[in-house]
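# Architecture and fold: a report
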Amino acid sequence: MDPRRSQKIAFAVLLLATLLVVLPVVVILAIIVAKGASAISWDFLFSMPREGMSAGGILPAILGTLYLVLGAVIFAVPLGVMAAIYLVEYSSDNRMSRLVKLAIVNLAGVPSVVYGLFGLGIFVTFFGFGASILSGSLTLGIMILPVIITSSREALESVPKHFRTVSLSLGASRWQTIRHSVLPHALPGILTGMILGLGRAAGETAPILFTVAAFYLPRLPQSVFDQSMALPYHLYVISTQVPGIAENVRYGTALVLLTLVLLLNLAAIVLRSRFRRKKKW
Amino acid sequence: MKSVQARKLKEWVIEKSILLSGIFSVVFVLLIFLFLLREGFSLFRGESVIDFLFGKSWYPISDPPRFGILPLILGSLLVTLGAAAISVPIGIAAALFIAEIAPLRLREALKAGIELLAAIPSVVIGFIGMITLGPWIKNLFNIPTGLTALTGSVTLAFMAMPTIVSIAEDAITAVPRQYREAAIAMGATQWQTTWRIVARAARPGMLAAVMLGIGRVIGETMAVMMVTGNAAVIPTGFLQPVRTLTATIAAEMGESVQGGPHYAALFAIGIVLFIITFLINGVADLFLHRSRR
């Protein structure tokens, strides 16, 4: 066949494949907005569920998810950023750093439901935290650790070598160099990782199934040792476990969850592209 | 002089905690495995590993209970194969388009779109799959339920694609420019260059992308639980309800008695999943390192 013609056909096929990947995002968004928007109201967002979740709002699920996500980030960000500093600034390419990198790859690949089992085994049972916000936050925190380490590493590695050599040659110690010449420039990248971690933690269901999630709990949690409802689990419950929930309530819950997660990810994408454009070195 | 000492002490503490944080990732991997073993091992006091892995019936609450996970393994395998058959060709093709053909602006937009697809929570994808895809498949094939292995495969294919596309795209972009220039200089068209030179050079990275995509599919829980119909029997075709390893854990943990054999069996499934994903990710990482070199 004429190579120019086969190129045309090939490009058309590739374009089609790309559309197949990207269009579902648009379709899913469109369906959920179209069918769920009618459920969104002040009352839906800011009041307690009533009558076995068939009426009222989803406030405890929204707040529960916020608490869980905050807890996860408070735990994972310091640990993740320090682990990234270790990998980029302190470790040479030795066996230890290879091992740490392999561990991070594997943490990223562990199925979310296995994180749930782990959280159940260690936090709920072994440490005796019970099914609680604390157990759920810690479980989610370990799950998002790879996300935070990877983005922080990229951010630290993007700071040019000579920033460090100049600082060291002026007599600054290694930590002073990191603290004052490297970290400030890596901050936007680290922040991006944190937001991505937030988004990931907010949407996960399997890790919180056995560690925190309450089926139906129409009151707000009082402490970190309380069980709590959470948005993704709530969506699972009302769409598969409880019959007779109005359709727009289901779609409305999905819309709230999707909006929360996509806004976080959009923020991360915008922040990262600005950061990249602003860099002058 | 005292302040210098104080500063040195402070830095010593900081540097040690940084080192410790680095080691924590390794500790967590070990802890996960350890706690799965701790809770799951008791199953193998009354049950042989062979009976567990290859037993044909999963009746965890009958008397006596049967803990054979072969139907679950086959369920996972079937759904994964279906998802791979759909997502691998589409994902690789999309990665080639984004990396080699799309103009810069479009490329950035497409990458953002794919990142957003990756970000959609699995419970939302499961919800949409259950409500839209399920009835559609039911009517199309005229079968009693739309929640089948096929529904699971299609749903999971969309969840594997972002992983496959973004990692394959990285691998394609990493192919040295000279390869393309040399091919074009010899009179190859852009498509010939892309397909015969660039795609071939990026092969190890693409293989890693496929493996990581498959790893994501095997570990996926909520979406697959919502759309596959949850029947723990040995599957004979794509148009039947099946039950995967992950969905079994998620669906049954709530009704199991802590410390009992059922509870231990669910943790033992966790061990199987952990080992499978550990292998997949380890091998994929090897390929990625090779492609970088």
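Please read these numbers as outputs of a predicted model, since none were measured by experiment. (Residues numbered from 1 in each chain as written. Chains lettered and ligands numbered in written order. Predicted model: local features only at pLDDT ≥ 70, side-chain atom pairs only at ≥ 80, totals over all residues.)

Helix and strand counts for chain B stand at 13 helices and two strands. The buried share of chain B, taken over its 293 residues, is 51%. In chain B, the share of contacts with a sequence separation of at least 24, taken over all contacts with a separation of at least 6, comes to 73%. (Helix = DSSP H or I, 4+ residues; strand = E, 2+ residues; numbered from the N terminus. Buried ≥ 20, exposed ≤ 12 C-beta atoms within 10 Å, placed from the backbone. Contact = placed C-beta atoms within 7 Å.)

Per the secondary structure count, chain A includes eleven helices and two strands. The linear arrangement of helices and strands in chain A, starting from the amino end, is α-α-β-β-α-α-α-α-α-α-α-α-α. Judged by the C-alpha coordinates and their principal axes, chain A covers about 70 × 70 × 35 Å. Within chain A, the proportion of its 281 residues that are buried is 52%.

We now examine the environment of A:Thr259. All names here are of chain A. Note that threonine 259 resides in helix H11 (residues 247-278). According to the C-beta neighbour criterion, threonine 259 is partly exposed, with 15 such atoms within 10 Å. In the structure, threonine 259 is positioned 230 residues away from leucine 29 in sequence and 9.4 Å away in space, judged by C-alpha atoms.

The next thing to look at is the environment of A:Arg50. Residues and elements named next belong to chain A. Among the secondary structure elements, arginine 50 is positioned in strand S1 (residues 49-50). For arginine 50, a count of 11 C-beta atoms within 10 Å translates into the label exposed. Placed 220 residues apart in sequence, arginine 50 and valine 270 show a C-alpha to C-alpha distance of 39 Å. Here arginine 50 is in contact with Ala55 and Gly56, once residues within four sequence places are set aside.

Counting 193 residues, the largest nonpolar core has A:Leu68, B:Val124, B:Ile164 and B:Ala168 as its most contacted members. The element best represented in this core is helix H3 (residues 59-90) of chain A, accounting for 18 residues. Each of two domains, domain 1 (2-40) and domain 2 (51-292) of chain B, supplies a minimum of three residues to this core. Filtering out sequence-adjacent residues up to four positions away, B:Ala168 remains in contact with B:Gly91, B:Ile92, B:Ala95, B:Gly205, B:Met206 and B:Ala209. (Core = buried A, V, L, I, M, F, W, Y, C linked by C-beta atoms within 7 Å. Domains from an automatic or database assignment.)

Moving on, we come to unusual backbone geometry. Residues and elements named next belong to chain B. Of the consecutive residues aspartate 63 and proline 64, the connecting peptide bond is found in the cis state with omega at 0°. The topology assignment puts proline 64 in the loop between strand S1 (58-59) and strand S2 (66-67). Here the phi dihedral of asparagine 142 falls at roughly 55°; this positive angle occurs in a residue that is not glycine. A positive phi angle, close to 55°, is found at asparagine 230, a residue other than glycine. Within the secondary structure layout, asparagine 230 lies in the loop between helix H11 (222-227) and helix H12 (245-252). Residue classification places asparagine 230 among the partly exposed residues on the basis of 19 C-beta atoms within 10 Å.

Our next topic: the domain arrangement of chain B. Residues and elements named next belong to chain B. According to the domain assignment, chain B consists of domain 1 (2-40) and domain 2 (51-292). Each of domain 1 and domain 2 has a C-alpha centre, and the two are 34 Å apart. Contacts between the two partners involve six residues from domain 1, matched on the other side by six residues from domain 2.

The subject of this paragraph is helix H1 (residues 3-36) of chain A. In an α-helix there are 3.6 residues to a turn, and that puts residues three or four apart on one side. With 34 residues, H1(A) should cover 50 Å at 1.5 Å per step; its first-to-last C-alpha distance of 49 Å lies within 8% of that length. Bending of H1(A) peaks at approximately 35° at the position of A:Val22, with proline A:Pro24 no more than four residues after it. For H1(A), every residue scored as buried is listed here: A:Ala10, A:Leu14, A:Ala17, A:Thr18, A:Val21, A:Val22, A:Val25, A:Ile28, A:Ile32 and A:Gly36. Looking at the buried positions of H1(A), the neighbouring elements they touch are H11 of chain A together with helix H4 (70-101), helix H5 (104-119), helix H6 (122-141), helix H7 (149-173) and helix H9 (190-201) of chain B. (Expected span 1.5 Å × (residues − 1). Bend = angle between axes of the 7 residues up to and from the residue.)

What follows covers H9(B). For H9(B), built from twelve residues, the straight-helix expectation of 16 Å at 1.5 Å per residue is met to within 8% by its first-to-last C-alpha distance of 15 Å. Restricting attention to buried positions, one finds in H9(B) the residues B:Trp191, B:Thr193, B:Thr194, B:Val198 and B:Ala199. For H9(B), the angular spread of the buried residues around the axis is 145°, confining them to a single face. H9(B) presents B:Arg196 and B:Arg200 as exposed residues on the side facing more than 90 degrees away from its buried surface. Tucked into the core, H9(B) has its buried residues touching H1 of chain A together with H4, H7 and helix H8 (177-185) of chain B. (Arc of directions from axis to C-beta.)

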